[in-house]
Amino acid sequence: MASIAVPKRSPLSEALKGARRAAENSSSIWSWIATVDHKRIGILYGISAVVFFIVGGVEALLLRLQLAQPDANFLDPDAYNRLFTMHGTTMVFLVVMPLSSAFFNLMVPLMIGARDVAFPRLNAFSYWTFLAGAIFLNASFFTGDILNGDLGAPGGGWFGYAPLSLREFAPGHGMDFWMLGLQMFGIASLAGGFNFIVTILNMRAPGMTLFRMPVFVWMTLVTSFLIIFAMPVIAVALFELTFDRLFDANYFNAEAGGNPLLWQHMFWLFGHPEVYILILPAFGILSEILPTFSRKPLFGYAFVVFSGVAIGFMSWGVWVHHMYTTGLGTVANSAFGISTILIAVPTGVKVFNWMGTLWGGSIRFRAPLMFAVGTVAMFTIGGLSGVTHSMVPSDYQQNSSYYVVAHFHYVLFGGAIMALFGGIYYWFPKFTGKLMNEPLGHLNFWLMLIGFNLTFFPMHISGLLGMPRRVYTYNSDMGWDFWNLMSTVGAFLIALSVLVFLYNFFLSLRRGKESGPDPWDARTLEWSLPSPPPEYNFKEIPTVDSRDHFWNTKYREDETGRVVPVLAGGVVEPEEEHGDDDEHGHGIHMPSPSYMPLIASIGFPIVATGLIYDYALVPVGFALILIGLFGWVMEPATEED
Amino acid sequence: MAHAAATDHLETSTGIDNKKLLMWLFLASDCLFFGAFIAAYLLYRGRSVVGPYPEDLFDIPFTSVSAFVLLMSSVTMVLALAAIQRGNVRNMRIWLLTTAVLGTLFVAGQVYEFTEFHHEGLSLSTNLFGTTFYVLTGFHGAHVTVGVFILMSMFIVSMRGGIQQKDSLTVELAGLYWHFVDIVWIVIFTLIYLIQP
């Protein structure tokens, strides 16, 4: 994005300048709408993700209610399809990805010693486009006769297998909303991916070499590379579906010679890297929490980093394990079976490194560590059932059964979601200045762990007993009744644990104990700042001289190798009161707020709505995008004095 | 600017300018975008069940000329960058405009080609060839069109004195994009027009 200073000021630009002034007042709502501060964008991402976590969770509860008893009629088959489609799509694209993005935004600049990301306005654009897509996708519910149980939402599964997702088999507009909404998430993720790669490679503090970066930053880097290479592939698949559904093209039309495998290959060529896009940020969070609460450096830093990089590369060579039963032949199946077994190796390496980190540490079982340890255990179970999928004959047996559902919930809920919750408990004090309530945190953890296992462990069994997934009901003589009832009870326990979390969150926000800057006696740079950090993060950019730089300012080893505190070490920058006139007291100019990213983002759902309902809207949407982008390029990034 | 902005013009860890790195990453990502469309075209090549087929429609001499026009626009783009790096704003304007005109000519050629094919009975929904050909080359044409927009915007800004020697990076970034779109066309032209099964 080239920024070109335009010398002359038109009345429009004067008006915009006034609007920007309004946004400068940090307590007004406009300051959030126009914000380009990575911390605020991170908070917006986080709040949105939690809201959609509740939406997706309610969808899951409805599904579980339907399956609690055999031959139930709580949901009709059509509503069931739409709800599981929305549940999957929501949890992947509207919960785990944005919650990971929230942590990228919040943590990466602080951890590498930067004042913001490389492109603050691109960052805002990424958030607003994500939100526009999320609202657009969920608006599909209201396109049907929702009061009579006709949900207008997409019903073709989160994988949207063509030709089943074509107009002929998925009539109505549901899948249109799905494919266009996903396209918006793709744009948002791409913008974020580019931004974080540039930030991490280019914005590191002096001395912060790549191999001194916290592992979370490494995992963000690997994830961002996966995003920028995987998202274009799904974009193409979605464009092909769009042309087929809206303009009668033939990509997946078997009558014209189209091949349904094209969709599956493209979807899973995106889909498997996507799995690691979901889990690697969680790995990064674990690698920060475990050393802090073991009071030891991460065991085998280089192994953890290189395993993450290896996973990133290998994730491109395993997608056919989603397609063993499509008849690609024994050679393809064997090759991808072997690559799938191999990708378990770097993943296993990480699990051992985390255990090695805990080993011999002086462990403090605070809430973040509970979630982290729980994640390692649950992810290991999910990883092991994943290895059983790599065996082709075994997979033939498990394919499309609840065993698969059990597997990916163990890695995505037991792995990603639990780690992200741990991350919230861990970093909540940094951005609020308050500690989260510890007993409630433990209650939250145990309820979630028990509820999670009660929900998903029985699915291994119902799956092995032959229960197919994506089916809205079952007969009572199949022997699945008990296991399904267990799953439903467990799902409500998870819901209860989430309620405890929300209560804890709001309670702590109001009445939490003051945390101070470094409540966990932690290792990474963000803890050297006041809580919450000032807008410009670092008054002076730190010079980093080792991997655990901040820790080393607090502790050193004496002659006998014992760790002793450094006298007067670990000095945290004192918090200062900033009057309005003092805001630029340090000569630190932060990027000005901007409405342009929001304007551009609003254009996307308008274009999409136009494509579905009335082409007249399409140019309106494109005009907004253009106005936003041009305004963005033309306005100066930082207000001059 | 009195003070360097927090994110602008700061010395970067790698020494590569942020915007340049961003452009390279975008282009790398775009490779996958075109790669996937080209793969779909190649997968479906020769699989159309009804005509018209590529050999009935392709006018290689015509498309060669428009490909040549696009390639020449890369040369003029290089000249525009060289001019501004030497501080010659006037020449940069001339070459930017020439590049934009050549790009527009290429797009015009594509519009003509699409219209011709359509007259001869090839629509998006006729067969697999129609689907994969129009979508792939259409997305390439869209990229060229975006490029022309960027060039014309830069031309207009430079008329108001907005691009000086110190802003040569802006021209360089537009050039990177423009050359990439050219290279993609070389691949498409070779794989789709020249190499027929």
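Owing to the predicted nature of the structure, the values given are computational and were not obtained by experimental measurement.

**Student:** A description of the interface of chain B and chain A should follow, citing residues and the corresponding values.
**Tutor:** Between chain B and chain A, the residue contacts involve 43 residues of the former and 54 residues of the latter. Between chain B and chain A, a total of about 4200 Å² is buried, with carbon and sulfur atoms accounting for 70% of that surface. Counting across the chain B and chain A interface gives 0 salt bridges. The interface formed by chain B and chain A includes 11 residue pairs in polar contact (both at pLDDT 80 or more). For the side of chain B that touches chain A, the element with the highest residue contribution is helix α1 (residues 18-44) of chain B, accounting for 15 residues. For the side of chain B that touches chain A, the class distribution of residues is 24 nonpolar, 15 polar and 4 charged.

**Student:** How would you explain the environment of Tyr 474 of chain A if you had to name every residue and give the values?
**Tutor:** All names here are of chain A. The topology assignment puts Tyr 474 in the loop between α14 (438-464) and α15 (481-511). Along the sequence, Tyr 474 and Asn 504 sit 30 residues apart, while their C-alpha atoms lie 38 Å from each other. Side-chain polar atoms of Tyr 474 contact the backbone oxygen of Leu 67, separated by 2.7 Å.

**Student:** Give me helix α5 (residues 120-139) of chain A: which residues, what numbers.
**Tutor:** Between its first and last C-alpha atoms α5 of chain A spans 29 Å; for 20 residues at 1.5 Å apiece the expected length is 28 Å, and the two agree. Taken across its 20 residues, α5 of chain A has 18 buried, putting it largely inside the fold.

**Student:** Please provide a residue-by-residue account of the domain arrangement of chain A, values included.
**Tutor:** Often, the extent of an interface is quoted as the loss of accessible area upon association of its parts. Residues and elements named next belong to chain A. Assigned domains within chain A: domain 1 (1-29 + 592-641) and domain 2 (34-575). Just the C-alpha atoms count here: the centres of domain 1 and domain 2 sit 31 Å apart. Contacts between the two partners involve 22 residues from domain 1, matched on the other side by 20 residues from domain 2. Summed over both sides, the interface of domain 1 with domain 2 buries roughly 1900 Å², with 74% coming from carbon and sulfur. The three residues of domain 1 that bury the most area against domain 2 are Phe 604, Ile 612 and Trp 632, which together make up 29% of that side's buried surface. Our enumeration of links across domain 1 and domain 2 arrives at 1 salt bridge. When the shortest N-O distance is used, the salt bridge between Glu 635 and Arg 121 registers 3.0 Å. Run the count over domain 1 and domain 2 and you get 5 residue pairs in polar contact (both at pLDDT 80 or more). Considering each element in turn, the side of domain 1 that touches domain 2 owes the most residues, 10 residues, to helix α17 (residues 596-612). A breakdown of the residues in the side of domain 1 that touches domain 2 according to their chemical character gives 16 nonpolar, 5 polar and 1 charged.

**Student:** Please set out unusual backbone geometry residue by residue, giving values where relevant.
**Tutor:** Residue and element names in this part refer to chain A. Residue Pro 163 is reached from Ala 162 by a cis peptide bond, and omega for that bond is 5°. Within the secondary structure, Pro 163 sits in the loop between α5 and α6 (174-202). Even without being a glycine, Asp 71 presents a positive backbone phi close to 50°. Looking at the secondary structure, you find Asp 71 in the loop between α3 (38-67) and α4 (77-112). When its relative accessible area of 44% is taken as the criterion, Asp 71 is described as partly exposed.

**Student:** So, a negative patch on the surface: which residues are in play, and what are the values?
**Tutor:** Residue and element names in this part refer to chain B. A cluster of acidic residues, Glu 55, Asp 56, Asp 59, Glu 116 and Glu 120, forms a negative patch on the protein surface. Note that Asp 56 resides in helix α2 (residues 54-57). Judged by its relative accessible area of 45%, Asp 56 is partly exposed.

**Student:** I'd like a rundown of the nonpolar core, residues and numbers included.
**Tutor:** Residues and elements named next belong to chain A. By size, the foremost hydrophobic cluster in this structure holds 250 residues, and its most contacted members are Phe 130 and Trp 263. The element contributing the most residues to this core is α4, with 22 residues. Each of domain 1 (1-29 + 592-641) and domain 2 (34-575) gives at least three residues to this core. In contact with Phe 130, not counting residues within four places along its chain, are Tyr 45, Ser 48, Phe 52, Phe 93, Leu 94, Pro 98, Phe 185 and Ala 188.

**Student:** Mind laying out the confidence of the model for chain A, listing which residues take part and the relevant values?
**Tutor:** Residue and element names in this part refer to chain A. Of all residues in chain A, 92% have pLDDT values of 70 or greater, and the mean over the chain is 91. Every residue in residues 1-8 scores below 50 in pLDDT, and together they form 16 contacts with partners more than four places removed in sequence or on other chains. Confidence drops under a pLDDT of 50 for residues 577-585, and excluding neighbours within four residues, the segment shows 4 contacts in the predicted structure.

**Student:** Go over the packing of aromatic side chains, please, and point to the residues and values.
**Tutor:** All names here are of chain A. The final tally for this structure, using the stated rule, is 81 aromatic pairs over all chains. Centre to centre, the rings of Phe 371 and Tyr 425 are 5.2 Å apart; their planes meet at 20°, and the pair counts as stacked. Of this pair, Phe 371 sits in helix α11 (residues 367-390) while Tyr 425 is found in helix α13 (residues 402-432), placing the two residues 54 residues apart along the sequence. Just as Phe 371 is buried, Tyr 425 falls in that class too. Across from the ring centre of Trp 32, 4.2 Å away, lies the NZ or CZ of Arg 40, which sits over that ring. It is Arg 547 that lies over the ring of Tyr 301; its NZ or CZ is 3.6 Å from the centre.

Quick notes on the rules
Residues numbered from 1 in each chain as written. Chains lettered and ligands numbered in written order. Predicted model: local features only at pLDDT ≥ 70, side-chain atom pairs only at ≥ 80, totals over all residues. Heavy atoms only, no water. Contact = heavy atoms within 4.5 Å. Buried area = accessible area lost by both parts, 1.4 Å probe. Salt bridge = Lys/Arg side-chain N within 4 Å of Asp/Glu carboxyl O. Polar contact = N/O pair within 3.5 Å; in protein donor to acceptor, adjacent residues only side chain to side chain. Helix = DSSP H or I, 4+ residues; strand = E, 2+ residues; numbered from the N terminus. Nonpolar A, V, L, I, M, F, W, Y, C, P; charged D, E, K, R; others polar. Expected span 1.5 Å × (residues − 1). Buried < 20%, exposed > 50% of the residue type's maximum accessible area, 1.4 Å probe, protein only. Domains from an automatic or database assignment. Patch = residues over 30% accessible without salt bridge, like charges linked within 9 Å, V, L, I, M, F, W, Y side chains within 5 Å. Areas by Shrake-Rupley, 256 points an atom, 1.4 Å probe, with all protein chains shown as cover. Lys, Arg positive; Asp, Glu negative; His and termini not counted. Charge placed at Lys NZ, Arg CZ, Asp CG, Glu CD. Core = buried A, V, L, I, M, F, W, Y, C linked by side-chain atoms within 4.5 Å. pLDDT = per-residue confidence, 0-100. Phe/Tyr/Trp six-rings, centres within 6.5 Å; stacked < 30°, edge-to-face > 60°. Lys NZ or Arg CZ within 6 Å of the ring centre and 35° of its normal.

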